[in-house]
Amino acid sequence: MVLCPVIGKLQHKRVVLASASPRRQEILSNAGLRFEVVPSRFKEKLHKASFATPYAYAVETAKQKALEVAGRMHQKDLRAPDVVIGADTIVAVGAMILEKPVDKQDAYRMLSRLNGKEHSVFTGVAIVHCCSKDGRLDTEVSEFYEETTVKFSELSEELLWEYINSGEPMDKAGGYGIQALGGMLVEYVHGDFLNVVGFPLNHFCKELARLYYPPRPADLRRVRHDSIPAVDTFENLSDSEAGGADPGQSAKGGRGGEQADGDRSQAPRALDAALNGADSRPRFPTGLLELMDGFKASKSREVGLECWPCGRLWDPAALLAGQQVDGGPQDTSCLQGRPGLPMADHADQAGVCWGSWSKCHPPPPKVLFTACKLKLFDVLKDQGPLQAVDVARKLSTCAGRTEQLLDVCAALGLLEKTRRGYSNTEVATLHLVSDGEHSLQGVAEYNDAHVWGVFTRLGLAVREGAEQTRGALGAMEEERLSQSRELTLQFMRAKHSLSKLTAHHVATAFDLSRFASACDLGGCTGILARELAQEYPRLQVTVFDLPEVTELSGGFQRGGRQTERIRFVPGDFFKDSLPEADLYVLSRMLQDWPDDKLHKLLSRISSSCKPGGGLLVAEAAAEEEGASQSPRLRTLSAGQPRSPDEHRRLLQRHGFQDVRVARAGDLLCVVLGTRAAP
Ligand SMILES: Cc1cn([C@H]2C[C@H](O)[C@@H](COP(=O)(O)OP(=O)(O)OP(=O)(O)O)O2)c(=O)[nH]c1=O
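Residues numbered from 1 in each chain as written. Predicted model: local features only at pLDDT ≥ 70, side-chain atom pairs only at ≥ 80, totals over all residues. Heavy atoms only, no water.

Topic: the nonpolar core
Of all hydrophobic cores here, the largest spans 42 residues; its most connected members are Ile85, Phe152, Tyr176 and Phe204. In terms of nonpolar packing, the next biggest core, distinct from the first, is built from 39 residues, Leu288, Val367, Leu395 and Val427 among them. (Core = buried A, V, L, I, M, F, W, Y, C linked by side-chain atoms within 4.5 Å. Buried < 20%, exposed > 50% of the residue type's maximum accessible area, 1.4 Å probe, protein only.)

Here's what the structure looks like:
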C-alpha cells in the first residue's frame, strides 16, 4: 500500500505491542500494522527525580516496558519476536510529571493543576529489534519521543467533578482523555493529536523510515548552499586548542552502555541484512566525499582557475591581467565553455547562491574539518540531541560560535536541528563519528592537516604557469613521503577509511578467480588485499608499499579478518623490483602522479607482468571524456580523474590488451587488462 510503505516493512515480521492501551492498539491497527498484544509487566516506578527531563523519563519507561516483554517472550519459548514496540504517555506541567490517577481525589488534583493552563503531553516510544543467538537475546533499541502542547479552558469545580465521576480519567495520563469527553475541556492543541491519545503515529513512521530507508548520503549533494548561514570564521571557535576540553573522553563517553543515538545507525544495516538478506555495506557517501574534497575545486576557484559551480575553466590570461583576482566572482565571465555567462548565473544553474557561498568563510569543507577536529559528532552521538549551549559546554568552546558551527553543519545536512537540539544525521553517524566502522574522520583529518595547505599553494602555481601547477599538485605526494611518522599515519588512516568503502567494489568488479597471486601496489594497510583474499579463496596477495607504511600497517590489522594468504613487502615501486604476481593492482594510485611518473610506473608493471597476467586499475570515475570533473574521490589524490576510454588507452599503451572497464560503487571506474606477449 503506497500510503504506508514503512509499516509494510514490518509486514512479515512478528511484531508485538507491549501495551495494554486500547488507544495504542487502535491507532496502530488503523494504520495497517499487524501485531500481537502482550501488555508489559514493567512497573512504572522509575525514580522521576533522576531524569533530567520529563520526556527522558517517558522514553526510559517505554524502553523498559518493551524490553520486559522481549525478555519474557524469549524466556518462555526461546524465541523472541522480531520487533517489540513500547510506549509511555505522561502529562507534564513544567518539571512535574503526571501519570494515571490512582483514585478520584488524585484525578481532581491533576485536573486542577491543568485547569486554565498549557501543559505538555509526552509519549516516549521504544522500538526494540530482537534477535536470538545461541539461546541469548540480542536487542537493538531505537527510541524517540513526541511532545504535544494542550491548553485547558478555565473549568468550574462542578464541571471537573462531573467529568471525574464519568470514570473517564482513571486509566489516562493527567486524568483526562482528549479523544472522548475530555475533549470538551481542551481549548487548543499544538502538535500531534494522536500523541496525546497515546501513540505518535507520524513520528513512529518517520522513525521506521529512518531505520529501514536511511537517507542516501548522496542526498547531501542536494543541500542548497544558499541555506548555509554566512559566518566570519571558525578559527577562533575555541578559547582552548581546537579539540575541546577532552575530545578523547567525549568520544568515549556515553549513556552507560545503553543504546545511544549512534547505535541506531547499526539498526538499519543489521536489519536490512537480517530482514532483506541485503548487502549491509553502507552506500557510497558521494555527497560527503565531495564536501570533504570540494575545497580543491574551490581553492582553484579562489585563484580563478576553475569555476566552482560548473567546473569550467576560466581563462588564466584574463585572471593574470587582474580581472578576477581583485574583482570577486560576480562580475566575471566563465570564459571557456559558455563564454560570457556571468559566474552568478553558473551558480544559479548549479543551485548555489553565489553570494552566500562566497560570503561563507571558511568554506564548508573547513567547517566540516573543524567539527571533526572538535569531536562534535562524537559528542552528539553519545549525548545528543543537545542544545548549542550544551555542546559548547562539552567542547569548551564559545557558545555563539558553536551555534554558528552547528547551524552550518545542519545546513550541510550533517546535523539535524529540532526543538530538542542538534543531533547527527545518518551520514554523520555512519561516517563522521570517530570510532565508527565506516568513519571518514581520517580523511577529514588528513585533508585538513595537509592537503588543504598544499592546495592553498595552488595560487602561486597558477601565476607561474601550468607546469608549476602540476608541480604543486604532485608535491603533495612528495611531501607526504618526506614528512613525519605522524603524517604517514594520518595518510594511512585516511586511505584506510576510504579503502573500506571501495575495496569490495574493486575486488568484485571482475571475476579474478583465474589469478593465483596478486600484488597490491601501494596497498597501504591491506584493506583491499583482505577483501581480495576473502573473495578469492585460492588467491595469495602481496601488499607492496613503502617501508614506513608497511612498518605501521600492523596497527591497522586488529579486529580485521586475518589470513595467512596476505603478506606485506616493503619497497618503492619506482625503484625496487616488484614482487612477482599474476595480477598487479593499482587502486586509486594513478591519479597521484604527474604523467612522467605515471608512465614510469606502468612501464615497470608491464615489464614485471608475465604474458597472460593482469593489471587491475581502480580510479575515481570521470564522466565522459572532456566533461567537467567534479571533485569526487579526488580525496588524497592530486591528479584529475580519467575517463574510461583514457584508462583503456593508457593500459593499451603499456602492453595490455582485452582491456575491460566496469563502473563500480557509483564512483569508481575499474579497468582490467591482460598482458600481451611482448
Ligand atoms: C492524555 C491522554 C492520555 N491517554 C492515555 C494513553 C495511555 O493509554 C494512557 C497513559 O498510560 P501509559 O502508562 O502510557 O499506558 P497504559 O497504562 O494505558 O498502557 P501500557 O502501560 O500497557 O502501555 O493515557 C488518553 O487515552 N487520552 C489522553 O488524552
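Picking up after the structure, the text goes on.
Description of the packing of aromatic side chains
As enumerated under the stated definition, the model contains eight aromatic pairs in all. Geometrically, the ring pair formed by tyrosine 108 and tryptophan 161 is stacked, given 4.9 Å between the ring centres and 15° between the ring planes. Taken together, the residues tyrosine 108 in helix H4 (residues 104-114) and tryptophan 161 in helix H5 (residues 157-165) connect sequence positions 53 residues apart. Here the aromatic rings of phenylalanine 152 and tyrosine 176 are separated by 4.8 Å at their centres, their planes lie at 75°, and the arrangement is edge-to-face. Here the residue phenylalanine 152 occupies a position in strand E6 (residues 136-152), and tyrosine 176 occupies one in the loop between H5 and strand E7 (186-190), the gap between them amounting to 24 residues. Grouping residues by exposure puts phenylalanine 152 and tyrosine 176 together as buried. By the ring-pair criterion, three or more aromatic residues cluster together here, those being Tyr55, Phe122 and Tyr145. A cation over an aromatic ring shows up here: lysine 597 above the ring of phenylalanine 574, its NZ or CZ 4.8 Å from the ring centre. (Phe/Tyr/Trp six-rings, centres within 6.5 Å; stacked < 30°, edge-to-face > 60°. Helix = DSSP H or I, 4+ residues; strand = E, 2+ residues; numbered from the N terminus. Lys NZ or Arg CZ within 6 Å of the ring centre and 35° of its normal.)

Details of the pattern of salt bridges
One pass over the full model with this rule turns up 22 salt bridges. Between glutamate 44 and lysine 100 there is a salt bridge; the shortest N-O distance is 4.0 Å. With glutamate 44 in the loop between strand E2 (36-37) and helix H3 (54-77) and lysine 100 in the loop between strand E4 (96-98) and H4, this pair connects stretches of sequence that are 56 residues apart. A residue is classified by how much of its surface remains accessible, and glutamate 44, at 26% relative accessible area, is partly exposed. Classification of lysine 100 by relative accessible area gives partly exposed; the value is 42%. Three or more residues are tied together by salt bridges with common partners; here these are Glu44, Lys65, Asp88 and Lys100. (Salt bridge = Lys/Arg side-chain N within 4 Å of Asp/Glu carboxyl O.)

What to know about the packing of helix H17 (residues 388-395) against helix H18 (residues 399-411)
It is at 8 Å that the axes of H17 and H18 come closest, and there the two elements cross at 110°. Judged on the interaxial angle alone, H18 and H17 are roughly perpendicular. Pair H17 / H18 crosses with right-handed handedness. Mapping the contact onto sequence places Ala388, Val391 and Ala392 in H17 and Ala399, Thr402, Glu403 and Leu406 in H18. Across the contact of H17 with H18, the residue classes tally to five nonpolar, one polar and one charged. (Axes fitted to C-alpha atoms, helices over the stretch in contact; angles between N-to-C directions. Parallel < 35°, antiparallel > 145°, perpendicular 65-115°, else oblique. Left-handed = near helix turned anticlockwise from the far one by under 90°. Contact = heavy atoms within 4.5 Å. Nonpolar A, V, L, I, M, F, W, Y, C, P; charged D, E, K, R; others polar.)

Considerations on the pairing of strand E18 (residues 668-675)
Extensive coverage of E18 is indicated by the burial of eight of its eight residues. Alternating positions in E18 separate into two faces, Leu668, Val670, Leu672 and Thr674 on one and Cys669, Val671, Gly673 and Arg675 on the other, with burial throughout. Both strand E16 (residues 614-620) and E18 contribute to a ladder of seven bridges, which runs antiparallel. Residue glycine 614 lies in a different strand from E18, and its bridge partner there is threonine 674. (Pairing = 2+ DSSP bridges.)

Considering the site of the ligand
Taken together, 21 residues sit near the ligand, with Ser19, Ala20, Arg24, Lys65 and Lys100 positioned nearest. Here an oxygen atom of the ligand sits 2.7 Å away from a polar atom, N or O, in the main chain of threonine 89. Only helix H2 (22-30), strand E3 (83-93) and helix H6 (193-197) provide two or more residues apiece to the shell around the ligand. The element contributing the most residues to the shell around the ligand is E3, with three residues. In terms of residue class, the shell around the ligand is made up of seven nonpolar, six polar and eight charged. (Near = heavy atom within 4 Å. Polar contact = N/O pair within 3.5 Å; in protein donor to acceptor, adjacent residues only side chain to side chain.)

Thoughts on unusual backbone geometry
For the peptide bond that leads from glycine 384 to proline 385, omega is -5°, which places it in the cis range. Following the sequence through the fold, proline 385 ends up in the loop between helix H16 (376-383) and H17. Despite not being glycine, lysine 375 shows a phi value in the positive range, around 65°. Secondary-structure assignment places lysine 375 in the loop between helix H15 (364-373) and H16. Assessed through its relative accessible area of 21%, lysine 375 is described here as partly exposed. In this structure, serine 396 is a non-glycine residue whose phi angle is positive, near 55°. Here serine 396 lies in the loop between H17 and H18.

Remarks on the confidence of the model for the protein
On average, residues of the protein carry a pLDDT of 75, and 68% of them reach 70 or more. When the criterion is pLDDT under 50, residues 297-362 qualifies, and its contacts beyond four places in sequence or with other chains add up to 124 contacts. Overall, residues 624-639 carries pLDDT values under 50, and its contacts beyond four positions in sequence, including any with other chains, amount to 70 contacts. Interface confidence in the predicted complex, given as ipTM, is 0.98; pTM for the same model is 0.48. (pLDDT = per-residue confidence, 0-100.)

Points about the packing of H4 against H5
In the contact formed by H4 and H5, the axes pass within 10 Å of each other and the chain directions differ by 135°. Judged by the inter-axis angle, H4 sits oblique to H5. Handedness of the crossing formed by H4 with H5: right-handed. Residues Lys104, Gln105, Ala107, Tyr108, Leu111 and Ser112 of H4 pack against Glu157, Leu160, Trp161, Tyr163, Ile164 and Asn165 of H5. Per-class residue counts for the contact of H4 with H5 are seven nonpolar, three polar and two charged.

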